[in-house]
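Examining the three-dimensional arrangement
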Amino acid sequence: MNYGHRLEFGTFITPSNQSPQAPVQLAQLSEQLGYDVVTFQDHPYQPAFLDTWTLLTWVAAQTSRVRLSANVHSIPLRTPAVLARAAASLDLLSDGRAELGLGAGGFWDAIEAMGGRRLAPGEAVQALSEAIDVIRALWDVDARGGARVGGEFYRLDGAKRGPAPKHPIPLWIGALKPRMLRLIGEKGDGWLPSLPYLEPGDLKRGNAIIDEAAREAGRDPREIRRLVNLAGRFASSRTGFLQGTSQDWVDDLLPMVVEDGVGTFIVMGDDPRTMQQFAEEVMPALREAVDDALPAGSAGERIRPAAALAARRDGIDYDGVPAALRDTAVEPGDPGYRTARGGYLRGGAPGLVLRPSTTDGVVEALAYARRHPDLPLGVRSGGHGISGRSTNDGGLVIDVGGLNGIEVLDESARLVRVGAGARWADVAAALAPHGWALSSGDYGGVGVGGLATAGGIGYLSRSHGLTIDHLRAAEVVLADGSVVRASETEHPDLFWAVRGAGGNVGIVTSFDFVADEVGDVGWGFLTQVPEDVADYLVRWGSVVENAPRDLTSFLVMGPPRNGQPAVAQSRTVVESDDPEVVVARLQEIASIAPLYDQEVTITSYAGIMQNAAATSHVATGEPLAHSGLVEHLTPEFAAAAAAALTSGAIYFFQLRAVGGAVSDVPADATAYAHRSANFSVTAMGADVRRLGEAWATLQPFFSGLYLSFETDQSPEALAAAFPPATLERLREIKDRYDPTNVFRHNFNVAPSATPAAVAG
Ligand SMILES: Cc1cc2nc3c(=O)[nH]c(=O)nc-3n(C[C@H](O)[C@H](O)[C@H](O)COP(=O)(O)OP(=O)(O)OC[C@H]3O[C@@H](n4cnc5c(N)ncnc54)[C@H](O)[C@@H]3O)c2cc1C
């Protein structure tokens, strides 16, 4: 019986404190020699040993690749709840390199001497079972409410869950007795016996018990890795089992892989020469021998737990996922699903997320998606889409986040190629050393793909225009799977459409932009408390609209709460590193209303964009946002906006300056057509009807909308996003580039041959 795991190797190091650095050096040697995992015994009652947890964390900081585990933890002295948090913490700190070996104890006199409880054999199984429940419950941050485990030995009584480990930490259990083996079959991820304690035939007998228990628990026995600690001695000729030449070792170990399904061999002893000889001579030869002996070889296949298989969605050909995409694909029940399922603002439950990291991979993913024409298809770059259509319920998502390269193509022309999956914070950071910047948006976590196919209203808009105005070419995977370059001279219609309606015409894999020379800038964050909101809006609008183009300001207002006045927070970039210019410009805004707080600095554009966490928050709800573009903040508009704010239907109200360089571009030059607007207005609310009513009072003032800030996907919203001539041209382009409406799930411009019903 072979369980199809990738063949792995580890070392088993004594955590002796006689020479405290010695075990650390052996761990580093293990990493250098190519071992997969380093393990340490855990005997917390042993004064001659370093504490194993302290050692594990220390070693994690002194290594970079190898995975780390105790071999195995003594549960009676390591409270499982604390162990769960320690392991998750180490996993987060070490970038997913923690594994967890568990044992029910032994050396009972020593454990009792340390205040631990002696467990009878039957009790040990029960205690370990409860420990596993506790650990898994605390890691299960997706479950609702506090964690509860009503055990006899270990209890959780509404404990807060988390942290979630970086990767699914496997629980390897050191055990020999049948009841313990059954527990492994029911709940464990690995069986970790030590060969010196095994009789011939024990592996087979143990496997049979584990496999049967696994099947009875509805699991696939292949979910459980079989690991073995082994001890031996290299010699010039064979004197016994694992006593002989490297080839003798290979001969001894091969049947354990082929017949007993062992997937991990852990070499015991602290002898560097044995570790080296094993790594250099046994590991490669054994892999080769396994490759010859087993059809699947030593690489192993990905084994999906039965629970994950049960979570699969209907209508998806999971077995048909292209081989190149299989390893990185994520589906319900997979550990990575929690972070892959939703976006920054909208929750989702897609049936499959494909994560290609090359253009060819995108082509394959799209071909696969086309074989599922009835399922929703989300195209995701950074996952920050406000309409949230880069995820869905039960459909497919093609996530191009892995195509995130940033490369200077031509220094003298400031031409840069940016992958669709890059984040704007990273783009800004990469351009800063050149003295360049690309106006993007106000948040560094937003992805390039979504923003650069819609417009890009950013902190440099008035001086440098929209992000799409810097686009010179794009690589696009079209609906039929062909890859084209779109520019003013190659597929110019497509190039026009990409700049404002890109989500409708293909999947952009990379963008060629011309960056601007941008030095340090003035950055002002002013908090004001206007007595009269309408008056404030008019005056802020007038200052911003009439300011020199070096100023771009974004204003956020919340509703007045608890009898407190509304607060206005403006974030303003002044493109100058001269403090006098910066202060003079900001003073115009500061003098509009009493200043409650201020922060003014000279900084880089990249510094401003470093405002996002390294990993994105994943939403669970449904966002509700409306967008409008307005020419001027007239007293009438301002009065209506102030009333809408006071209605309480809006919890977030934002005005962004556009105009300036944005208006220099003719309306028909790109699919983003609303070039005459001086302001973009956004409102977010929680109640569709109430927000709709409040928003309706502002509609008469709008000349259109920016689809990146809109969640309403109705034909009216589409007509507001694209004026008639733009929409007509888009439809012609859609007819040519996506006649079957593959890309229809975000503000769909349906091809003329497609009934409107298909759009949705
Ligand atoms: C906190 C926050 C701040 C924001 N600030 C600004 C701002 O200041 N200025 C501004 O203009 N916008 C801003 N936005 C809106 C943002 O630009 C859009 O939501 C944008 O779509 C996000 O891009 P993404 O790649 O992260 O999104 P995703 O959710 O990955 O994609 C959104 C949509 O874009 C399309 N799309 C994504 N990738 C591709 C691709 N490679 N090829 C073709 N189509 C694709 C798809 O239709 C997809 O549904 C902000 C959003 C948030 C959440």
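See the structure above.
Since this is a predicted model, take the numbers as computed values, not measurements. (Residues numbered from 1 in each chain as written. Predicted model: local features only at pLDDT ≥ 70, side-chain atom pairs only at ≥ 80, totals over all residues. Heavy atoms only, no water.)

1. Notes on the sheet that holds strand β16 (residues 396–399)
Taken together, the 3 strands give an open sheet; going across it, the order is β14-β16-β15, and neighbouring strands pair in parallel fashion. Strands at the two margins of the open sheet, each flanked by one partner only, are β14 (352–354) and β15 (377–380). Mean inter-strand twist for the sheet, computed between neighbouring axes without regard to direction, equals 20°. Taken together, the 4 bridges between β15 and β16 define a ladder with parallel strand orientation. Note that in β16 the partner of Arg380 across the bridge is Asp399. Sheet contacts for helix α13 (residues 359–370): β14, β15 and β16; angle to β16, the most-contacted strand, approximately 170°. (Pairing = 2+ DSSP bridges. Helix = DSSP H or I, 4+ residues; strand = E, 2+ residues; numbered from the N terminus. Axes fitted to C-alpha atoms, helices over the stretch in contact; angles between N-to-C directions. Contact = heavy atoms within 4.5 Å.)

2. Points about the pattern of salt bridges
Applying the stated rule across the entire model yields 47 salt bridges. A salt bridge links Lys166 to Asp95; the shortest N-O distance between them is 2.6 Å. Placement of the pair is Lys166 in the loop between β7 (155–159) and β8 (171–173) and Asp95 in the loop between α3 (80–93) and β5 (100–103), with a sequence separation of 71 residues. Asp95 sits in the exposed class, given a relative accessible area of 53%. Residue Asp393 is joined to Arg313 by a salt bridge in which the shortest nitrogen-to-oxygen separation is 3.0 Å. A residue pair is termed long-range when its members are at least 10 positions apart, and Asp393 in the loop between β15 and β16 and Arg313 in the loop between α10 (306–310) and α11 (323–326) qualify at 80 residues. A single salt-bridge network, built from bridges that share partners, covers Arg6, Glu8, Asp36, Arg67, Glu99 and Arg287. (Salt bridge = Lys/Arg side-chain N within 4 Å of Asp/Glu carboxyl O. Buried < 20%, exposed > 50% of the residue type's maximum accessible area, 1.4 Å probe, protein only.)

3. Side note on empty space enclosed by the protein
Evaluated as defined, the whole model comprises 2 cavities of 30 Å³ or more. Quantified by volume, the largest cavity comes out at close to 70 Å³. If you go around the largest cavity, you meet 15 residues; those closest to its centre are Asn2, Gly4, His5, Val257 and Leu294. Classifying every residue of the lining of the largest cavity gives 7 nonpolar, 8 polar and no charged. The calculated volume of the second largest cavity comes to roughly 40 Å³. (1 Å grid on protein atoms, 1.4 Å probe; cavity = no way out; pocket = protein on both sides within 12 Å on 5 of 7 lines; lining within 4 Å. Points joined across faces, edges and corners; volume = space filled by probe spheres on them. Nonpolar A, V, L, I, M, F, W, Y, C, P; charged D, E, K, R; others polar.)

4. Some points on the site of the ligand
Taken together, 36 residues lie around the ligand, and Ser381, Ser390, Asp442, Ile457 and Tyr706 are the ones closest in. Take Ser381: an N or O atom from its main chain is 2.7 Å from an oxygen atom of the ligand. Here an oxygen atom of the ligand and a backbone polar atom of Gly385 are 2.8 Å apart. In the complex, 94% of the free accessible area of the ligand, which totals 960 Å², lies under the protein chains. Mapped onto the shell around the ligand, the elements with two or more residues apiece are β15, α15 (448–451) and β22 (507–514). Here the shell around the ligand gets 3 residues from one element, more than from any other, and that element is α15. Within the shell around the ligand, the residues separate by chemical class into 15 nonpolar, 17 polar and 4 charged. (Near = heavy atom within 4 Å. Polar contact = N/O pair within 3.5 Å; in protein donor to acceptor, adjacent residues only side chain to side chain. Areas by Shrake-Rupley, 256 points an atom, 1.4 Å probe, with all protein chains shown as cover.)

5. Structural notes on the environment of Trp540
Tracing the chain through its elements places Trp540 in helix α18 (residues 533–546). Not counting the four nearest positions on each side in its chain, Trp540 is found in contact with Ser553, Phe554, Leu555, Ser570, Ile589, Ile592, Leu633, Leu655 and Phe679.

6. Digging into the nonpolar core
If you look at the biggest cluster of nonpolar residues, it comprises 92 residues, and the most contacted ones within it are Leu352, Trp424, Val448, Val476, Leu494, Phe513 and Phe722. Among the elements that line this core, the one with the most residues is helix α17 (residues 492–501), at 6 residues. If we ignore the near neighbours within four places in the chain, the residues touching Leu352 are Ile316, Tyr318, Val321, Ala329, Val330, Glu331, Tyr368, Gly395, Leu396 and Val397. Ranked by size, the runner-up nonpolar core spans 84 residues in total, among them Ala84, Ile135, Leu181 and Leu198. (Core = buried A, V, L, I, M, F, W, Y, C linked by side-chain atoms within 4.5 Å.)

7. A look at the packing of aromatic side chains
Applying the stated rule across the entire model yields 17 aromatic pairs. Three or more aromatic residues link up through ring pairs in this structure, and these residues are Phe9, Tyr35, Phe234, Trp249, Phe265 and Phe278. Positioned over the ring face of Tyr3 is Arg226, at 3.7 Å from the centre of the ring. Between Arg571 and the ring centre of Phe525, over which it is positioned, the NZ or CZ distance is 4.2 Å. (Phe/Tyr/Trp six-rings, centres within 6.5 Å; stacked < 30°, edge-to-face > 60°. Lys NZ or Arg CZ within 6 Å of the ring centre and 35° of its normal.)

Read these as geometric descriptors, not functional statements.
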